[in-house]
Each structure stands twice: as C-alpha cells, then as structure tokens.
Amino acid sequence: MGSVNKKMIHGESSFGISNKRIRAALTERGGHLGPVEFKLKNRWVSPFSLAPWQPKECEKGTPEILQILRGDFFCLPFGHEKKQKYVHGESANRTWKLKKAESDAFSLEMETKEPKGKILKQVSLREDHCAVYQEHVIRGVSGRYNFGHHAILDFPSDGKEYRINVSPFKYASVKPDDFTNPAMGEYSSLKTAARFDSLQSVEKIDGSNADLTRYPAREGFEDLIMLSSEMGPLAWTAATLDGYIWLSLKNPTVLPSTLFWISNGGRHQKPWKGLHRHRIGLEEVCSHFSDSLAVSRQDLLKNENVPTTRLFSKAKDTSVRIIYLVAEVPKSFGMVISVEPDPNFEQITVLGEKGQIKVKVDWQFVTQAITMDEVEVRQ
C-alpha cells in the first residue's frame, strides 16, 4: 500500500488523492466524495456541496449520513424504510476499510449485512483528465435491490442564475406522493405527481410553471423529480456554473434514472434549520424516486419501461461506474444542449447554447459496465 494521505476535513476523517488537475477527499465514514477541487486555467473550483453544519454540531441520534452529508456517495439500497437501520444503506453511513492507496487512486471495501455481501469502492484520477472515475463492485449479493449515486452540488450564492440539463429522457415526473411534511417544517413548491416532457415547464402547486433548468430558484422549498434516460451508449447530467460546466456521465442501462433533489431551504427541523440552500442533488439511480426498497421492488414503472431495481447474483460480481468531470467554458456558453462521445473513446464534444468544447475523458469507462439484464463475471 502506498502512503495514505488522511486528515480531518469538515469534521470527518478523510482520505485524499490528487494530481495536477484535481484534489479530492473521501470520508472514511460513509465514503462521501467531497470536497473535490478541479483546476481550471487560472483557478480551482469546488462544485460539490458540504453541509452547512459539521458532525459535532449535530444532536445525538442524528443519522450518520446527515452528520457527514457532502459531495457524492453510493447508496445500496437507495432510500429508507422503517425496518432499515441506515438511510441510503450501510454504504453511505458505515466506515469503509482502506485496502490500497496511491497518490491518485484508492480502493476500499465494506462487508454489508443488508444486503449481505461486500462492496468494493474504487476512486481514481487520470493524468490530464479533469475527471473523477468511480467504480463500485457488488460481490456476493443475491436478490433485487435499488441503488444509486447521490451527488450534491452547491450553486454560487451570488444572485445569478445558473443552468441544469440532462440527456434525452422518456419519462419524467414530480414525486408521485408528498416529498415534504409541513407538520415537520418542510415545504414543497412543485405539484405532486405532475408529469412533464420538458424541464422548462413543470407544474407548481399554485398552478404556474417552473423552469427547472434555472437555479437557484424557489427559495424556501424542497422538491424531488425523476427523469428516466433514453437508452444509448452514454447518458449525462450537466450544470453550467460560473465559467465552467460540471458533468456526470453514466451508462443508462445500469443507472437508468436521474433524481433532482432541489434543496433550497425548505426543511426547518434539525439539523437543516432552513440552512441547506442553493444545493441540488443530481443523483444517478436505479430506484423508484427516493422511495424504499419495498416500493422499488413493486416495479411501479414497468409500463413506462423504467427499471427500479436490478437482480444481483451471489455467484457473480456486478459493476456500477460513473464519471464526474469539470471543464472551463466561456461565460456565454449557456445551458448544455448535447454531449457527443468520440468514437475513439478519448473525448466528448459538449454543445452549449452558444458554442461547443471538446473535453478529454475516457467515456468508455462507463459503457463497459454491466447492463440491467446481464452481470459481469470478474475473473
């Protein structure tokens, strides 16, 4: 094992990796990836969120995941139910064991009880790529489970409006049941179960429409939507921020849907206290919204051809991969319109409203992962 760069970051023991383009931290408890600093031409940017509190400020009994809350974390199973001890599963709450560490990569593992098995976490950087490559290998797990990545971005609090977009989708809806509970000091703005075919026109409770490509917006509210990607070799979610874009790249046959957890001060109980503002979860999942495993197993979107669980085999390993990258763009670039992969797997072309750029990335990394109907046997 190489030397381990380990220190306290935002109140949590964290491992660090870096190269010329990236400085990334991963919490030992919960395996939350964040903060991650990306080097642009003349500055470093840090798009991933850190909760506006530290673990030591949380009351006794606060779920581990809320104490740690930051960046991106892997959830298996996704969501929560009463009989389940951990919100978003053990993988997002319990302590990971470091197995291998290099200056620009590390591997960790966790033995899980529910589901019974093992998860291997691999986080790596590549020279001259402004990207973080992640793989989770699920081993020895049997049965149907929902799962996903839970990336959270922190948008600038400068009064400006920034942009969000996703690759083409075939199904889109506001959460079909209440996402918030006013009796607990929680409030939503979007109409429950509202279906839509454009992010730029989503019905609100008051009858007006919201443009969800523009953020921050709707301060004082928490909302959740889900969009299911059209099938293809590559799907993406993009945020245009202050002179740069953030992109997540995935295989839609592995992570078929994207959740927008729009968190802009709509929760007032502890530890939230209305402080979690201008954040948005852009979460790549195989799940039924943020619902429990039991709900996801009901296959409620079967008629929409949207899987909400996958079948794991105890005898075979399953790989889930994702890439997060950042690229500098002109101030006028606007919302990302499309992402076209290069046939040689060396780069992508990103088209904005006003211009386009080419970004060096090994996008084949995610397309090599397993499909929903197949599992990979790792020799």
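Let me begin by describing the structure that accompanies this report. Fair warning: this is a prediction, and the values are worked out from it, not measured in the lab.

### Concerning the overall build of the protein chain
(1) Moving on: In terms of regular secondary structure, the protein chain is built from three helices and 28 strands.
(2) Moving on: Compactness check: the protein chain gives a C-alpha radius of gyration of 19 Å against a globular reference of 21 Å for 379 residues, within 12% of the reference.
(3) Moving on: The principal-axis extents of the C-alpha atoms in the protein chain amount to approximately 55 × 50 × 45 Å.
(4) Moving on: Expressed as a percentage of the 379 residues in the protein chain, the buried residues total 59%.
(5) Moving on: Taking the intrachain contacts of the protein chain between residues at least 6 apart in sequence as the baseline, contacts between residues at least 24 apart amount to 63%.
(6) Moving on: Summed over all atoms, the accessible surface of the protein chain reaches about 15800 Å², with 47% contributed by carbon and sulfur.
(7) Moving on: Taken together, the 52 basic and 47 acidic charged side chains of the protein chain have centroids lying 4 Å from each other.

### A closer look at the sheet that holds strand β2 (residues 12-18)
(1) Moving on: Here five strands make up an open sheet; going across it, the order is β1-β2-β3-β4-β5 and the pairing antiparallel. What marks the edges here is a single partner per strand, and that holds for β1 (5-9) and β5 (44-45).
(2) Moving on: Across four bridges, the pairing between strand β3 (residues 22-27) and strand β4 (residues 33-39) is antiparallel. Looking across to β4, one finds that Arg23 is bridged to Glu37.

### Focus: the pairing of strand β27 (residues 347-352)
As a general feature of sheets, a regular strand has side chains that alternate between the two faces.
(1) Moving on: For strand β26 (residues 336-341) and β27, the ladder comprises five bridges, and the chain directions are antiparallel. Pairing of Pro341 across the sheet is with Ile348, part of β27.
(2) Moving on: With six bridges joining them, β27 and strand β28 (residues 355-360) adopt antiparallel strand pairing. Looking across to β28, one finds that Gln347 is bridged to Lys360.
(3) Moving on: What sits between β27 and β28 in their antiparallel hairpin is a turn of two residues.

### Structural notes on the pairing of strand β19 (residues 221-229)
(1) Moving on: Burial of β19 is extensive: eight of the nine residues sit out of reach of the surface.
(2) Moving on: With five bridges joining them, strand β15 (residues 169-174) and β19 adopt antiparallel strand pairing. When the sheet's bridge partners are listed, Ser173 is paired in β19 with Met226.
(3) Moving on: One ladder, built from eight bridges, connects β19 with strand β22 (residues 257-264); its direction is antiparallel. The partner of Leu227 across the bridge, within β22, is Thr258.

### Quick look at the pattern of salt bridges
(1) Moving on: Using the criterion set out here, one finds 24 salt bridges in the structure.
(2) Moving on: Taking the shortest distance from any N to any O, the salt bridge between Arg126 and Asp362 comes out at 2.5 Å. Placement of Arg126 in the loop between β9 (116-124) and β10 (131-139) and of Asp362 in the loop between β28 and α3 (364-367) is noted, with a sequence separation of 236 residues between them.
(3) Moving on: By relative accessible area, Arg126 is classed as partly exposed at 27%.
(4) Moving on: Under the relative-accessibility criterion, Asp362 is labelled buried at 17%.
(5) Moving on: Of the charged contacts, one joins Arg214 and Asp211 as a salt bridge, the two residues approaching to 2.9 Å between their closest N and O atoms.
(6) Moving on: Among the ionic contacts, a cluster of salt bridges with common partners joins Lys99, Glu109, Glu111 and Lys118.

So, how was this worked out
- Residues numbered from 1 in each chain as written.
- Predicted model: local features only at pLDDT ≥ 70, side-chain atom pairs only at ≥ 80, totals over all residues.
- Heavy atoms only, no water.
- Helix = DSSP H or I, 4+ residues; strand = E, 2+ residues; numbered from the N terminus.
- Rg over C-alpha atoms; globule rule 2.2 N^0.38 Å.
- Buried < 20%, exposed > 50% of the residue type's maximum accessible area, 1.4 Å probe, protein only.
- Contact = heavy atoms within 4.5 Å.
- Areas by Shrake-Rupley, 256 points an atom, 1.4 Å probe, with all protein chains shown as cover.
- Lys, Arg positive; Asp, Glu negative; His and termini not counted.
- Charge placed at Lys NZ, Arg CZ, Asp CG, Glu CD.
- Pairing = 2+ DSSP bridges.
- Salt bridge = Lys/Arg side-chain N within 4 Å of Asp/Glu carboxyl O.

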